[in-house]
Structures are given as C-alpha cells and as structure tokens.
Amino acid sequence: MISCEEKIKSEYVKQVLKQIEEKNSNEVEFIQAVKEVLMSLEPVIIKNEKKYKEAALLERLTEPERIISFRVPWVDDKGQVRVNRGYRVQFNASIGPYKGGLRFHPTVNQSIMKFLGFEQIFKNALTTRPIGGGKGGSDFDPKGKSDMEIMRFCQSFMTELQKYIGQDVDIPAGDIGVGAREIGFLFGQFRKIRNAYEAGVLTGKGLEYGGSLARKEATGYGLLYFMREMLNANNISLNGKTVIISGSGNVAIYACEKAQKLGANVVAMSDSNGSIYDKNGINVDVIKEIKEVKRGRIKDYLNYIPDAQYSENDSDIPSVYKIKADIVLPCATQNDINLKTAELLVKNGVIAVGEGANMPCTNEAVEYFLKNNVLLAPGKAANAGGVATSALEMSQNSMREYWSFEDVDKKLENIMISIFKQCKNADEEYNLGTNYVAGANIAAFEKVSEAMISQGII
Ligand code: NDP
Ligand code: 2IT
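Predicted model only: the values in this text are computed from it and were never measured.

Draft legend 1. Here's a closer look at the pairing of strand 4 (residues 132-138). Judged by how many residues are buried, strand 4 sits mostly within the fold: seven of seven residues are covered. Burial along strand 4 is two-sided: the residues Gly132, Gly134, Gly136 and Ser138 and Gly133, Lys135 and Gly137 are all buried. Taken together, the six bridges between strand 2 (residues 81-92) and strand 4 define a ladder with antiparallel strand orientation. In the sheet register, Tyr87 faces strand 4, and the bridge partner there is Gly137. Pairing geometry for strand 3 (residues 98-104) and strand 4, over five bridges, is parallel. Looking at the pairing, Tyr98 lines up with Gly132 of strand 4. Of the crossover connections in this fold, the one passing from strand 3 over helix 6 (residues 110-126) to the parallel strand 4 is right-handed.

In structure tokens form, the structure reads like this:
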C-alpha cells in the first residue's frame, strides 16, 4: 500500500503536516487525526492555497487556542491521598464557545485530549449550532471506585476547572467514564464555588436541574438516524439488517435501542473484556440494567439470558468483530478497528460502518473500507447528535424552558438529516466517489475556515 504522505499533492499540506509531526512527535493519536483531516481537505486547499497559506490557516487550525493541565488531588475511602492529572483543551472558538466532553479513563493523555478536541471543531461545525471545539478529562479510572470517591474526585477536578469555563466561554459534558452521576457532582461544585445558578455551563445534566430530555439517548439515536439516511441515499434499507455494536456504554446502548426500533437485528455487543452474542437479538433492557444500574460487566448478560454466548477477547481483533454482520457500529473507543479487523469485516460481507465512537477506525482501516465500497459514516458527522442535543440543552437553559422528549428527538432527527446532506453535498460537489469521510471534513472546514479568516489573525 502507498503510504499516506506519498499521495499528498499540495506543498502547503505537506509542509504543515511535517511541522506538526516534528512539533508533536509523541502525540500519535493527534497526528493521526490531523493527517486524516488535512489529507481529505486537499481538493479545497488546492483551490485556495495562496489565501490559506497567507493566513497560516492550517497552522492556526491545528494549534489549540489554549491547553490547561492541572493537578487533581483527592482522598480515597482508605484515607489515602491520590493525585491525577486533569486537562481542558480549548481548541477553537471561532464559531461559538468551546464545547466538548470530559473523559475519565486511565489512558487519557495530552495526545488523546488534542485529537478529541481537534475532531470536535469539525463535528460541532456540522451540527448547525454555534459551538466551538474543546475537550477535557483526566487519567482517573472510575472503575471500582465508590460513589463517595467519585464525588471527591469530581469536586477536586471542578475546583480547578471552574476557573476556565462558563456558559459563554466553555461548556463541558460527558464522554467515556463521565455520565449523569459525574455531571451532577461537577455541577454541584461549580454552583457552590461560583455562587450562581449558571445552568448552561455543563450539559448532560439530570432532568431535575436543567438537563434535557433525549440528551442521554441522543448520540446513539443520532447515529442511527444518520445511518438510515446514508443507507437510503444508496438505496439500502436498514430494516432486517444484522448489526454488531462494540461497547456497551451510553452510545452503544441507545444505538442498540434505536437500531431495533428501526427494524434491524442487533446480535452482539461488547466491553473491553469481551463480547456477547445473542442470535435472538440483544435484550437492551438487560444491558441497561447491567451497565446503567449495576455498573457490571457484559459477561453478566449470561446471568439473565443463559442461551447467549460470551467470548473473551483473545487476539488483536476484538471478539465482537469476529461475528458476521451487515452493519458494524463501533461505539467504544479510538482505534478499535485496525486494518486486520477491517479486512475480516469486509470478508464477512459488511455493507456499512457507522462510527459512534470518536476515531474508532485507524486511517488504514478507513482507506480499506472506502476502497472496498463499504459505506462509512464518519464519527465527526455520525456521532454529532450528542453534542447537537447538548446545544439544544443550552438553548433550553437560556430560555428557561423545558421541551418535550418528542420535540427534542424531532429536532435531533432533523439535525442528523441536515448533517448527512452536508456530507453528501460535499461528496458530490468535489466528486469524491461516495466518500462521506472527506465530505464531512470539507463541509465543516468550509464553515470554520471562513469564520477564522473573517475574524483576522488571532
Ligand atoms: P461510556 O463510558 O458510557 O462507555 C464506553 C464503552 O466503551 C464501554 O463499554 C467500555 O468498556 C468501552 N471502552 C472504553 N474504553 C475502551 C478501551 N480502551 N478498550 C475497549 N473498550 C473500551 O462512554 P460513551 O458511550 O459515552 O462513549 C463511547 C464512545 O463514543 C467514545 O469514543 C466517545 O468519545 C464517543 N462519543 C460519546 C458521546 C456521548 O454523548 N457520550 C458523543 C459522541 C461520541 P469498559 O466498561 O470495559 O471500559
Ligand atoms: O464526543 C462528543 O461529541 C461528546 N462526548 C459529547 C460532547 C458534548 O458536549 O455533548
């Protein structure tokens, strides 16, 4: 296979990529995300190379406006003092205040934060809402911690973070390891320190104190609305298709629920240990009970449905991807599908892949899917329903209103339809050959680059 760099035609893109690799040499995920975007932007960049180069647009786009890194000390249940590292990457606020989730996972580092913040700029631009790109989190591992430990950690994390956020400045939300429980503790601490009820400072809040109906469901539901649009545009129906989903967290659960509502048969889900296969279709209420209530492992599914099968991960191909399916929805974490896994999925006849997670496919896997005519719904577009509904939560907070589930869900569906149209239009305009990955990047870039140029060199 030709290496990615050899295909680059624009001298400007080549030069910027080289600089980024030199300056951030240990940030593997960040370099991966930037490479994927810049390479797919070539048709637009070549057209306007002089203008972008004079404005150092790509250099500015790939350098965060600000990175905050801080100490998070907390006391565990045994009275022992622990220290974690917290981050907030405020990447780009040209079209609205920084907006993006917080991830609590032991793998969190600056490279992961920067790749997520970078992708968020483009995703947020596609939502049609006025939100810029940011991301944050910590290398704190919530697994096995008591509620009191989680609370103390969140309070310490917010004691520092609150200096840098606000409803018109930067609005965090959830991501891996951060759900309603954590957002509640974070909001409580913010409110106490600031002595103000600034509801719009966080999204994904509980319904009792400013949260929005359908935010919990939004990323998974949105993924399926996008998938349905993409399949329909290619004369394929979702109805009756076999689906496998990696992950069993917030995104995976509501992707499963909506896929089933739209007539698909979801036969497998997973966590980081292994996967379950249920030929009769996954019972999503059981998954909710295991993951949302008991915070257990996917293996526990067998306690409820003994006929199902569990497979531990035992190779570099996660076991869930060994199950044959028409549609694959990676909803766990980055780089879950490498080239070897992509080859297996294609061999098994996959028609479409929908990225519920951020960057779940390596660049080689993306290229392989596209070459083999697999319809690929890129995360920046397909999982944008979560942040889009966060923006709807912010609107309700500003208006001091609550909208019904049906109202929010309908708005979400319309946003996802509009996002698919943006990807499709760019694909057609630039003759990309059914490449919604490049389509999404180009559509988002056109908006962000214009905003940045209009606002001068800042
Ligand atoms: P959750 O914490 O609710 O669930 C994460 C799931 O992914 C769990 O099943 C977890 O398994 C699995 N997982 C996490 N890390 C790994 C890993 N290193 N290897 C294997 N499996 C792993 O997170 P979300 O559902 O919120 O997020 C899932 C993905 O979706 C992430 O990529 C996130 O960035 C993205 N996303 C989330 C949005 C949201 O609104 N929440 C919006 C848009 C994108 P285990 O329990 O074993 O760790
Ligand atoms: O990756 C994402 O888009 C999210 N984790 C959701 C961010 C948000 O602000 O709702």
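Draft legend 2. Focus on the side chain of Ser246. Inspection of the secondary structure puts Ser246 in strand 6 (residues 242-246). The exposure class of Ser246 is buried, given its relative accessible area of 2%. Within the structure, Ser246 has its side chain in polar contact with the side chain of Tyr321 (distance 3.0 Å). A polar contact of 3.0 Å, which involves the side chain of Ser246, links it to the side chain of Asp336. In contact with Ser246, other than residues within four places in its own chain, are Ala252, Ser270, Val320, Tyr321, Leu329, Pro330, Cys331, Ala332 and Asp336.

Draft legend 3. Structural view of unusual backbone geometry. If you check the backbone angles, Asn373 has positive phi at about 55° while not being a glycine. Considering the arrangement of structural elements, one finds Asn373 in the loop between helix 14 (363-371) and strand 12 (375-377). Of note in this structure, Arg400 is not a glycine but carries a positive phi near 50°. In this fold, Arg400 is placed in the loop between helix 16 (385-399) and helix 17 (405-429).

Analysis parameters
Residues numbered from 1 in each chain as written. Chains lettered and ligands numbered in written order. Predicted model: local features only at pLDDT ≥ 70, side-chain atom pairs only at ≥ 80, totals over all residues. Heavy atoms only, no water. Buried < 20%, exposed > 50% of the residue type's maximum accessible area, 1.4 Å probe, protein only. Helix = DSSP H or I, 4+ residues; strand = E, 2+ residues; numbered from the N terminus. Pairing = 2+ DSSP bridges. Right-handed = clockwise from strand over helix to strand, strands pointing away. Polar contact = N/O pair within 3.5 Å; in protein donor to acceptor, adjacent residues only side chain to side chain. Contact = heavy atoms within 4.5 Å.

Geometric values such as these leave the question of function open.
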